[in-house]
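Read off the chains here:
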Amino acid sequence: MVMPGERGANGSSNFCPIYCIVPPHMLKEIARRGSARQQAWAWQTLTLSEQMRGQRQALSVIAAMGTTATGTKRRTVYDAGNGSTLPGRLVRGEGDPKSKDVGVNEAYDGAGATYDLYFKVYGRNSIDERGMRLDSTVHYGRKYDNAFWNGQQMVYGDGDGELFNRFTIAIDVIGHELTHGVTEYEAGMEYHDQPGALNESFSDVFGSLVKQYKRRQTAKGADWLIGKGLLAPGVKGKALRSMKEPGTAYDDDVLGKDPQPGHMKDYVKVHDDNGGVHINSGIPNRAFYETAIRLGGNAWTKAGEIWYVTLRDKLRPTSSFSDAARWIVAVAKDLYGAGSLEQRAVREGWAAVGIRV
Amino acid sequence: MKVQFARTGGVAGIRLTVTLDTETLPPAEADRLRRLVAAARLFDQPASRPSPAPETDRFQYQVTVEDGSRIKKVEMDESSVPGTFRPLLDYLIDSARTGRKIKRS
């Protein structure tokens, strides 16, 4: 898509793709000055182009057109009406009153809580550090027992009611999904095998920190469970995962037993799940727990800071668990000094899962 | 006809499986399964549809069908499921959820 002001292939300016009736220059103005609803629609139209999807450079030009003051949230919630077309019908914009639909409010509040952790604790202005809109779609699919980040927005299913409740019910799942967005803009660990399991782990770590921060919990007082409340009554389990004791979250006739390992000696080599990214994440998850519990206090301050700086500045798309451990120990040294108790705690946290640095 | 199904991945990371056999299903169900496999054009599908960059927390599906001497296994990511495959997938997911098992005679 040719940007407003540029010349199109046939020499015309302000070329508008075939689906677009409102020209880009007008959309740009609406995106800047319209009401929350109008802005959301204008953004949606501007960014839905197949050609622009994934083109960060083009998107950042548009983002610059509509920047808001740092620290401002821009949340939009859509309803897919149990279909699979995204984003769906706009139902709540930033600053709009509460909806009658509890899932809409959970998506809205959870995105806000995630924004707050990243901004207030780590100084990060949304997913892309430039105040990116936080878009969520609820009621995706029929009995859809999942939630995901599709590269641009969060998507939540209602669950099937027998195994799973609605996926917005767990604030750490919301934080988990949004963190995939952060990771995409930062280290971008590839979604398979050890890099993928690290990607998953960072989502669980910051998802859990969103919950702990919201509740002002200490590392000792937190439950370290991911997705508590998501499993329907009648399912033998308490959560999707346990960061404290991987492998103990559930043991059920239909779901099976929680397969997560908590130590490198139990690493699962499997073809499923892109090489077990949701399985082997148990190992770095536990390393975070072990570090946080040794440091004491609130897990988001020291442990979270070390992990965040590592994700932002050090990790690579193909980083392995031992790469991550080495970087995390190096960051602890940068932030707290060589031989500091913080660096020691991080070393011990990783040693506990069988990775010595 | 025997159909083995596995769904893995998703944010919950749970492996959901079911194996169905037309020999042991009630006749109406057996019929339905055959029709769904035919509608999915399963034997014409590529063995796998790898995603260039798998979307985070999406499901992966594996379907293996044995029909007489023919065996076919297909794997795909949720983000690249062809429309014709959807009804078969939905049926298999429902069957897995209700815990239907292969009956041994």
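What this report covers is the structure whose coordinates are included nearby. The model shown is predicted, which means the values in this text are computed figures rather than measured ones.

1. Concerning the overall build of chain B
(1) Moving on: Helices and strands together make up the secondary structure of chain B, namely two helices and five strands.
(2) Moving on: Each helix (α) and strand (β) of chain B, taken in turn from the N terminus, gives the series β-β-α-β-β-β-α.
(3) Moving on: For 105 residues, the compact-globule formula gives about 13 Å, and the C-alpha radius of gyration of chain B, at 14 Å, lands near that figure.
(4) Moving on: Relative to its 105 residues, chain B shows a buried fraction of 33%.

2. A closer look at the overall build of chain A
(1) Moving on: Along its length, chain A carries eleven helices and nine strands.
(2) Moving on: In chain A, buried positions account for 49% of the 357 residues.

3. What about the interface of chain B and chain A?
(1) Moving on: Listed by partner, the interface residues are 17 residues for chain B and 25 residues for chain A.
(2) Moving on: Of the residues belonging to the side of chain B that touches chain A, the class tally is five nonpolar, seven polar and five charged.

4. Considering the sheet that holds strand S3 (residues 48–49) of chain B
Residues and elements named next belong to chain B.
(1) Moving on: The five strands lie next to each other as S2-S1-S4-S5-S3, forming an open sheet whose pairing is mixed. Looking at strand neighbours, the two that pair on one side only are strand S2 (16–21) and S3, the edges of this open sheet.
(2) Moving on: The strands that helix H2 (residues 86–97) touches are strand S1 (2–9), S2 and strand S4 (59–67); relative to S2, the one it contacts most, it runs at about 105°.

5. Quick word on the packing of helix H10 (residues 321–336) of chain A against helix H11 (residues 341–351) of chain A
Residue and element names in this part refer to chain A.
(1) Moving on: Between H10 and H11, whose axes approach to 8 Å, the crossing angle comes to 165°. With respect to H11, the axis of H10 lies roughly antiparallel. Relative to H11, the crossing made by H10 is right-handed. Between H10, through Ala325, Ile328, Val329, Ala332, Lys333 and Tyr336, and H11, the contact on the second element is made entirely by Glu342, Gln343, Val346, Arg347 and Trp350.
(2) Moving on: Split into classes, the residues belonging to the contact of H10 with H11 amount to seven nonpolar, one polar and three charged.

6. Observations regarding the sheet that holds strand S1 (residues 75–79) of chain A
Residue and element names in this part refer to chain A.
(1) Moving on: One open sheet holds the five strands; their spatial order is S2-S1-S3-S5-S4, and the pairing between them is mixed. Edge positions in the sheet fall to strand S2 (89–93) and strand S4 (147–149), since each of these pairs with one other strand and no more. For this sheet the average axis-to-axis angle between neighbouring strands, irrespective of direction, equals 20°.
(2) Moving on: Note that S4 and strand S5 (residues 154–156) share three bridges and pair antiparallel. Bridge pairing in S5 links Ala147 to Tyr156.
(3) Moving on: Of the strands in this sheet, S1, S2, strand S3 (134–138) and S5 are in contact with helix H4 (residues 102–122), which crosses S3 at around 155°.
(4) Moving on: Its contacts with the sheet place helix H5 (residues 171–185) against S3, S4 and S5, and it is angled at close to 20° to S4.

7. Thoughts on H2 of chain B
Residues and elements named next belong to chain B.
(1) Moving on: Over its twelve residues, H2 runs 16 Å from end to end, which matches the ideal 16 Å to within 8%, given 1.5 Å per residue.
(2) Moving on: Listed as buried for H2 are Leu88, Tyr91, Leu92, Ile93, Ser95 and Ala96.
(3) Moving on: At its buried positions, H2 is contacted by S1, S2, helix H1 (27–39) and S4.
(4) Moving on: Following H2 by one or two positions, Gly99 has its phi on the positive side, about 75°.

8. A word on the environment of Gln260 of chain A
Residues and elements named next belong to chain A.
(1) Moving on: Residue placement: Gln260 occurs in the loop between strand S9 (256–257) and helix H7 (272–276).
(2) Moving on: Its 26 C-beta neighbours within 10 Å are what place Gln260 among the buried residues.
(3) Moving on: C-alpha separation for the pair Gln260 and Pro246, spaced 14 residues apart in sequence, amounts to 5.2 Å.
(4) Moving on: Non-local contacts of Gln260, meaning those with residues more than four positions away in its chain, are made with Arg241, Pro246, Gly247, Ile279 and Gly282.

Quick notes on the rules
Each chain has its residues counted from 1, running along the sequence as written. Chains and ligands are labelled sequentially in the order written, the chains with letters from A and the ligands with numbers from 1. Only residues with pLDDT of at least 70 are given local features in this predicted model, and only at 80 or more are side-chain atom pairs given and counted; all residues enter the totals for whole chains, interfaces and linings. A run of DSSP states H or I qualifies as a helix once it reaches four residues; a run of E qualifies as a strand once it reaches two. Both are numbered from the N-terminal end. Atoms considered for the radius of gyration are the C-alpha atoms alone. The globule rule reads 2.2 Å times the number of residues to the power 0.38. Each residue is classified by how many other C-beta atoms fall within 10 Å of its C-beta atom, where C-beta atoms are placed from the backbone; a count of 20 or more means buried, 12 or fewer means exposed, and values in between mean partly exposed. The contact rule is simple: place each C-beta atom from the backbone, and if two of them lie within 7 Å, those residues are in contact. Three classes are used: nonpolar for Ala, Val, Leu, Ile, Met, Phe, Trp, Tyr, Cys and Pro, charged for Asp, Glu, Lys and Arg, and polar for all others, with Gly counted as polar. Only strands that DSSP links by at least two bridges are regarded as paired with each other. Helix axes are fitted only over the stretch in contact, all axes being lines through C-alpha atoms; the angle between N-to-C directions runs from 0 to 180 degrees. If an angle is under 35 degrees, it is roughly parallel; if it is over 145, roughly antiparallel; if it lies from 65 to 115, roughly perpendicular; otherwise it is oblique. It is the rotation of the near helix from the far one that decides the hand of a crossing: anticlockwise by less than a right angle makes it left-handed, clockwise makes it right-handed. Residue count minus one, scaled by 1.5 Å, sets the expected span of a helix.

Function-wise, these values are silent; they only describe arrangement.
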